[in-house]
Amino acid sequence: MIAKVIVDVPSRQTDRPFDYKVPEAIEDWIEVGSRVGVPFGGRVLQGFVVGLSETATVDSSKLKAVAELLDPVPPLLPDMVELSEWLCAKYCCSRTQALGVMIPAALKGKEERYIGIEEDVETVLLPEALKEEIRENGGWIKLERLLRSFPEHAGSVKEGLRSGMLAVRSSIKDRLAVRTVLTVFPLEDTVAMAAAKQAMPRSAAKQITVLEHLLEHPYPVAMAQLAKELSVAVSTIRALEKKELLSIREVEKERDPYGDRSYERTVPLALTKEQEAVYSRIADVIRSEHHFTMLLHGVTGSGKTEVYLQSIQYCLEQGKQAIVLVPEISLTPQMVERFKGRFGTAVAVLHSRLSDGERYDEWRKIRSGRAVVAIGARSAIFAPFRHIGLIIIDEEHESSYKQEESPKYHARDVAVRRAKQHGAAVVLGSATPSLESFAAASRDMPPGAPSPLLPMPSRVSGRPLPEVEVVDMRSELRDGNRSMFSRKLHGELLRRLERGEQSVLLLNRRGYSTFVMCRSCGYTAACPHCDISLTYHQKTRLVRCHYCGHAEAAPGQCPSCESEHIRYFGTGTQKVEEELAKLFPGIRVIRMDVDTTSGKHAHERLLSQFGERKADVLLGTQMVAKGLDFPYVTLVGVIAADTSLNLPDFRAAERTFQLLTQVAGRAGRHHLEGEVIIQTYSPEHYAIAKSQQHDYAGFVREELRHRSVMAYPPYCRLALVLMSHEQLPAVIAASDRFAAEIRELAQHEGVLVPLSSGRPRAVEVLGPVASSIARMKDRYRFQCVIKYRGSVDVSGMVQRVLQSLLKETAHRGVQFSVDVDPQVII
DNA sequence: AGCACGCCGACT
DNA sequence: GTCGGCGTGCTC
């Protein structure tokens, strides 16, 4: 038998299957999706089996054999191997990257080499110390350790290996410490145990206590826990083991990050008429076993989560599994609690704050079938279930579903592809759907076919959406108020303090960091490697580059004109916090931003503090806008709505509308009425005006008009190709060449026509132009934007051009990065 | 990615 | 005359 293996080498030249003989001993175990160790170019590498056949594609004398099978159960299922093929074709990534993104990091094994002394060979030339060290270790010692102990003998080791005096043995070792716990197993024969207890001498009181306990609870129990509960020594239990009245074994322990918490079981709530209609549509699709993607458009507070829960329940009853994706940021304890409360231990939770080990344990729960619901961020879309019936993507418009590193996949698109493979239902849920999803769901359907649009326009509580007031900050300034708080927001904050209610303040800080600028000459501190402005960090008094990490001392005077009028600009959450403390002495503020939420449980700790009303104000960036639900929050303030509006990004208006709508939904969710104040310098902008009126449809109409005029999604699709090189001429040459080649290819296929032509298949190539960050990490960057429409295989075209381009020596050293479906173009 | 093979400068 | 620079090419 021959195994086709993708080896774990991140290089274009090795990005194809290699053939290996399968040793008979593992023939029955190896499968498509197995992880193996294979000899490759003089070392042993990890690889994935993507095919099994009887014949090889190269002559069999060249074939080597699979060295080892790394898991008893293949970590990937055959449908995922197929999915990996689709991933690398669509997103222009290597096969290794596509496979790697589907498994937990703990399973990215590395070679470990062990050194031994060859038998029946004269080894007199080897240093005595080396031979002794190896012998003392039972004949084999890790190469790394040997070299660390005897750095002076590195040459001898190399020579010993070359001349055959030393032997090397390689094995792939997972990056994983499997934790074990000593566990006490009571005798299965309880009668014998009871008899032994009777026969114990009275002096063995402690041993009798243990036996009594085990007779009452005849289940395996952790030894440490047993000893503590009964306050007996471990040696007492050991003594019983000697008498063969129980056994002690090491049991693999799973790290359950939620293990120390118990969840109140919840029961399905009665659905409203609206919820019921949506639920039954979803259930119909699950039952049909035919893939169908639906868009659940529900206002904040419309009870989407309960619909999710009951749909999942139905899916499980059909004997299928369900995946729920939520944005990382809203994967809060509150959210997890609702799912654990309904489905108990059948839920696996996957989020980025887990350690590699914890993530691996949750993943294994899925792979082994002990979990049937996976809830997690983006990568949970690769949960290794066998029969997926339902995939839910909550807050589907969130940009965190797009991975920004290769493979640059969009979880929404992967979800649809997986659902097609499994015949599953996809539910995209949002109060503010992305224009792409809304347009797709609003397409004309064949007569009689059910619509993919599932509307939930009313709130479960029956409460109206909160009042939103827009404050024009220009008139504040005109009236002499130079503070970052308008008089209105100031007054309302004060009222909340007096009444003991809580407020949420949002600082929309995207692209709005504290930068250093000279008021005399206009000099700004910029990174010498990346050409972007440096941000000021008060704690360390350093200015730092957000891209490469370059840091230097904050200048005390202008390096350009030597003026003293150098100032730190922009409003960070820290600054707002200081201002709050000044304006409202004694105010209790919880600040949430990247600085305060970096710890493992910092995010949830801060939120629970706020939930316990230990603070008056929750101040934060985007992360306070999502999914929070606190009954005493009656005021939401947005400090500057337009910071995101003015970004040079075609989705700026959409992002702003979404953010404002989301954050407004945080106020007055319970018995107290909520109020929202939006401060802005452009109150007339439709993104702000329509969010004030809670008018999604109105916003979409306006925004679609803009997108149509400018030919942006959903009226076309985009691909971004970024090229970089240390030398400017090299990157200019490469990008010019790339643009010419791709145009020629499109011309050849007859699709190089302007989008405005109205032709169903069209491709436009823009650029090349210098990237807006023209240099990063000492590399110059140029980019091409490709706009296209219809069934044009742009990924395939780009890959073909890159393949021929990279063969040419002139373009060696040029790095290409392809983003199909980029979320931001700046 | 690594590692070996291969053709041109400063050293015993 | 050799040791070693890293350019080029291959890995089942």
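Described in the following lines is the structure provided in the data block.

Cut-offs used in this document
- Residues numbered from 1 in each chain as written.
- Chains lettered and ligands numbered in written order.
- Predicted model: local features only at pLDDT ≥ 70, side-chain atom pairs only at ≥ 80, totals over all residues.
- Heavy atoms only, no water.
- Helix = DSSP H or I, 4+ residues; strand = E, 2+ residues; numbered from the N terminus.
- Contact = heavy atoms within 4.5 Å.
- Polar contact = N/O pair within 3.5 Å; in protein donor to acceptor, adjacent residues only side chain to side chain.
- Axes fitted to C-alpha atoms, helices over the stretch in contact; angles between N-to-C directions.
- Parallel < 35°, antiparallel > 145°, perpendicular 65-115°, else oblique.
- Left-handed = near helix turned anticlockwise from the far one by under 90°.
- Nonpolar A, V, L, I, M, F, W, Y, C, P; charged D, E, K, R; others polar.
- Salt bridge = Lys/Arg side-chain N within 4 Å of Asp/Glu carboxyl O.
- Buried < 20%, exposed > 50% of the residue type's maximum accessible area, 1.4 Å probe, protein only.
- 1 Å grid on protein atoms, 1.4 Å probe; cavity = no way out; pocket = protein on both sides within 12 Å on 5 of 7 lines; lining within 4 Å.
- Points joined across faces, edges and corners; volume = space filled by probe spheres on them.
- Pairing = 2+ DSSP bridges.
- Near = heavy atom within 4 Å.

## So, the environment of Glu-675
Examined against the element boundaries, Glu-675 turns out to sit in strand S30 (residues 675-680). For the pair Glu-675 and Ala-377, spaced 298 residues apart in sequence, the C-alpha to C-alpha distance is 31 Å. Not counting the four nearest positions on each side in its chain, Glu-675 is found in contact with Glu-467, Glu-469, Lys-488, Glu-492, Arg-496, Thr-634, Leu-635, Val-636 and Ala-667. A distance of 3.3 Å separates polar atoms of two side chains, one belonging to Glu-675 and the other to Arg-496.

## Digging into the packing of helix H23 (residues 728-748) against helix H24 (residues 794-807)
Across the interface, H23 lies against H24 with an axial gap of 10 Å and an inter-helix angle of 130°. Taken together, H23 and H24 sit at an angle that is classed as oblique. Once H23 is placed against H24, the crossing between them reads as right-handed. Contact residues: H23 offers Ala-734, Arg-737, Phe-738, Glu-741, Ile-742, Leu-745 and Ala-746, while H24 offers Met-797, Val-798, Arg-800, Val-801, Leu-802, Ser-804 and Leu-805. Considered class by class, the residues forming the contact of H23 with H24 number 10 nonpolar, one polar and three charged.

## Looking at the packing of helix H11 (residues 304-317) against helix H12 (residues 333-343)
In the contact formed by H11 and H12, the axes pass within 11 Å of each other and the chain directions differ by 35°. The way H11 lies across H12 gives a crossing that is right-handed. Along its contact with H11, which presents Thr-305, Glu-306, Leu-309, Gln-310, Ile-312, Gln-313 and Leu-316, the element H12 presents Arg-338, Phe-339, Arg-342 and Phe-343. For the contact of H11 with H12, the per-class residue count stands at five nonpolar, three polar and three charged.

## Re the pattern of salt bridges
Going through the model one piece at a time under the given rule, you end up with 45 salt bridges. A salt bridge links Glu-808 to Arg-737; the shortest N-O distance between them is 2.6 Å. You can see Glu-808 sitting in the loop between H24 and strand S34 (815-820) and its partner Arg-737 sitting in helix H23, a full 71 residues away along the chain. Taking relative accessible area as the criterion, Glu-808 reaches 26% and is therefore assigned partly exposed. Classification of Arg-737 as partly exposed rests on a relative accessible area of 28%.

## Points about empty space enclosed by the protein
On inspection of all chains with the given rule, the structure shows one cavity of 30 Å³ or more. In this structure, the largest cavity occupies an estimated 40 Å³ of space. Around the largest cavity, the lining residues are Ile-6, Val-7, Asp-8, Gln-46, Gly-47, Phe-48, Thr-96 and Leu-99. Of all the secondary structure elements, the ones that give two or more residues to the lining of the largest cavity are strand S1 (2-7), strand S4 (43-53) and helix H2 (95-100). Here the lining of the largest cavity takes three residues from S4, the largest share from any one element. Partitioned by chemical class, the residues of the lining of the largest cavity number four nonpolar, three polar and one charged.

## Let's talk about the sheet that holds strand S5 (residues 64-65)
Spatial ordering of the open sheet is given by S5-S2-S1-S4-S3-S6, a layout of six strands whose pairing is mixed. Edge positions in the open sheet fall to S5 and strand S6 (68-69), since each of these has one partner strand only.

## Remarks on the protein's contact with DNA strand B
Around DNA strand B, the surrounding shell consists of Val-9, Pro-10, Ser-11, Arg-43 and Arg-113. A distance of 3.4 Å separates a phosphate oxygen of DNA strand B from a polar backbone atom of Pro-10. The side chain of Arg-113 places a nitrogen or oxygen atom 3.4 Å from a phosphate oxygen of DNA strand B. In terms of residue class, the surface near DNA strand B is built from two nonpolar, one polar and two charged.

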